[in-house]
Structures are given as C-alpha cells and as structure tokens.
Amino acid sequence: MRIKPHAVLITVCLLLFGSCCTALCETAGEAVIVPEENWSWDRGAFNSFSGQIDLSDCAGNEVTVCISAGIPYNPKEEQDDMPVFTSLNGSRIVMTKQNDTVRFAPDPGNAVMTFSVSFRLPEKQRVQEVPLTFLVKDADGNVLKTVSARIGKEAGESGGSFYIAADINLITIIIAASAALVWILVLIRGLNEKKKKRTGE
C-alpha cells in the first residue's frame, strides 16, 4: 500500500499541534476569585475579594504580580479607587504599603499565591461585572504570563460569583495554531487538486 506524502504531512501537523496544545495546557495559569459575602453593586461601593493564583511554573523564582480592573474610573480618583492587595498568603499588608503590586516567591512545594484585594466601584457609572487582569513579571519586568478573571452579577442576584480564569497567552497561541493548521490543510488540498488535474486523474 502506497502512503501519500500529503497524508504523512497532515498526520505530522496534527501530532505537532496536539503536542503543542498539551504542553501549553500543562503550563496554563489559573486564578480563583471569591467575592466577600456583603459585596455590593451600588455605585461607589467599597468591596473586597479573596483569591489565589497557581504559580507552579514560576516556582523557585521571585515574581511580581500586578492587578488591574477594567472598569471606568474617574481619572481624578483612580489612584484612590483602584484595586490594592490587602493581604498575601494570610499575612495582612499594612495600609501604608497597600498597592496594586506584590512580590511573591513561589515555593516548589506550594506555589499557590493566596491574597485579598479591596477597591471601590465607580461613583458615576453603574457596572455589573469587574474584569480583572493579573500580570506576572520576572525580576527584569518581563511579563511571564497574563491571567484574567471577572466578578459578575448574575441575573436576579445581588451577589457576585467566582470564575476560574484561563491564561490569555495560552488562548491566543491555541487560536493561532488552529488557524495555521487549517491554512496548511487547505493548501495541501489545493495542491493535491492541481496535481490530479495535471495527471488527468
């Protein structure tokens, strides 16, 4: 039985794509966000939430984690309303040192960073969800990964719900790889059709 070259190429592409996705999934970061029980969606409300981020792929190295919220703040009050870390791994951060950045050295035996965050909702615009972004950086300021999550108001409910977030970089790479694979398969099919026409098959 004769094995066609394009069939071999397709098989190799699929194997490479599968291996790539598997490797990426193994290093994907996760964030778990849990709002406080008395969370309020009222304008200008002060809220807090706790959470954790799996930093297993950064174990053994000190990293800097920065948090930001994608909600419309008043530029004049942004510095006072933005999310700030209030505790790190069970230790309270004194108020004078609370900001949007913390340093953490993941232990290979327990690389999960637990934290608490507080911030205020905009006063002039009502929001029903709070998109959160965590940037994990190395000592030189290079972004190692970006982890996203959101706290959303469910229909008919006043409280928030928690979400497990996927790594944005991982999703982008998978989509790009999928698009490249489809393009390769279309190209191979086109070349095969041209070959059949030339040979009269």
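For the structure itself, consult the block above.
Residues numbered from 1 in each chain as written. Predicted model: local features only at pLDDT ≥ 70, side-chain atom pairs only at ≥ 80, totals over all residues. Heavy atoms only, no water.

Caption draft 1: The overall build of the protein, seen in detail. What the protein contains, in helices and strands, is three helices and 11 strands. Starting at the N terminus, the α and β elements of the protein follow one another as α-β-β-β-α-β-β-β-β-β-β-β-β-α. For the protein, the proportion of its 201 residues judged to be buried stands at 32%. Taking all contacts inside the protein whose residues are at least 6 apart in sequence as the whole, residues at least 24 apart take part in 65%. (Helix = DSSP H or I, 4+ residues; strand = E, 2+ residues; numbered from the N terminus. Buried < 20%, exposed > 50% of the residue type's maximum accessible area, 1.4 Å probe, protein only. Contact = heavy atoms within 4.5 Å.)

Caption draft 2: Structural view of the nonpolar core. Counting residues in each nonpolar core, the largest one holds 33 residues, and the members touching the most others are Phe49, Val65, Phe85, Met113 and Phe134. Residues contacting Phe134, with those up to four places away along its chain left out, are Ile33, Ile53, Val65, Cys66, Ile67, Phe85, Phe115, Lys145, Thr146 and Val147. (Core = buried A, V, L, I, M, F, W, Y, C linked by side-chain atoms within 4.5 Å.)

Caption draft 3: Focus on a nonpolar patch on the surface. Taken together, the side chains of Trp183, Leu187 and Leu191 present a nonpolar region at the surface, about 340 Å² in accessible area. Along the polypeptide, Leu191 turns up in helix H3 (residues 168-199). (Patch = residues over 30% accessible without salt bridge, like charges linked within 9 Å, V, L, I, M, F, W, Y side chains within 5 Å. Areas by Shrake-Rupley, 256 points an atom, 1.4 Å probe, with all protein chains shown as cover. Salt bridge = Lys/Arg side-chain N within 4 Å of Asp/Glu carboxyl O.)

Caption draft 4: Broad picture of a positive patch on the surface. On the surface, Lys194, Lys195, Lys197 and Arg198 cluster together into a positively charged patch. On the accessibility criterion, Lys197 (71% relative accessible area) is exposed. (Lys, Arg positive; Asp, Glu negative; His and termini not counted. Charge placed at Lys NZ, Arg CZ, Asp CG, Glu CD.)

Caption draft 5: Examining the pairing of strand S2 (residues 46-54) more closely. Only one face of S2 is covered, namely the one carrying Asn47, Phe49, Gly51 and Ile53; the face carrying Phe46, Ser48, Ser50, Gln52 and Asp54 has none of its residues buried. In this structure, strand S1 (residues 31-35) lies alongside S2, joined through five bridges in antiparallel fashion. Across the sheet, Ile33 pairs through a bridge with Gly51, a residue of S2. The pairing of S2 with strand S7 (residues 112-120) spans nine bridges and is antiparallel. Residue pairing for S7: Ile53 is matched across the bridge by Met113. (Pairing = 2+ DSSP bridges.)

Caption draft 6: Up close: the pattern of salt bridges. Enumeration over the complete set of coordinates arrives at four salt bridges. The shortest N-O distance in the salt bridge between Asp57 and Lys145 comes to 3.0 Å. With Asp57 in the loop between S2 and strand S3 (63-69) and Lys145 in strand S9 (residues 143-153), the pair connects residues that are 88 residues apart, well separated along the chain. A residue is classified by how much of its surface remains accessible, and Lys145, at 3% relative accessible area, is buried. For the salt bridge of Glu123 with Arg120, the shortest nitrogen-to-oxygen distance reads 3.4 Å. Exposure remark for Glu123: the relative accessible area of 41% places this residue in the partly exposed category. With a relative accessible area of 14%, Arg120 lands in the buried category. Connected via shared salt-bridge partners are Asp81, Arg120 and Glu123.

In short, the description is geometric, and any link to function would need to be established separately.
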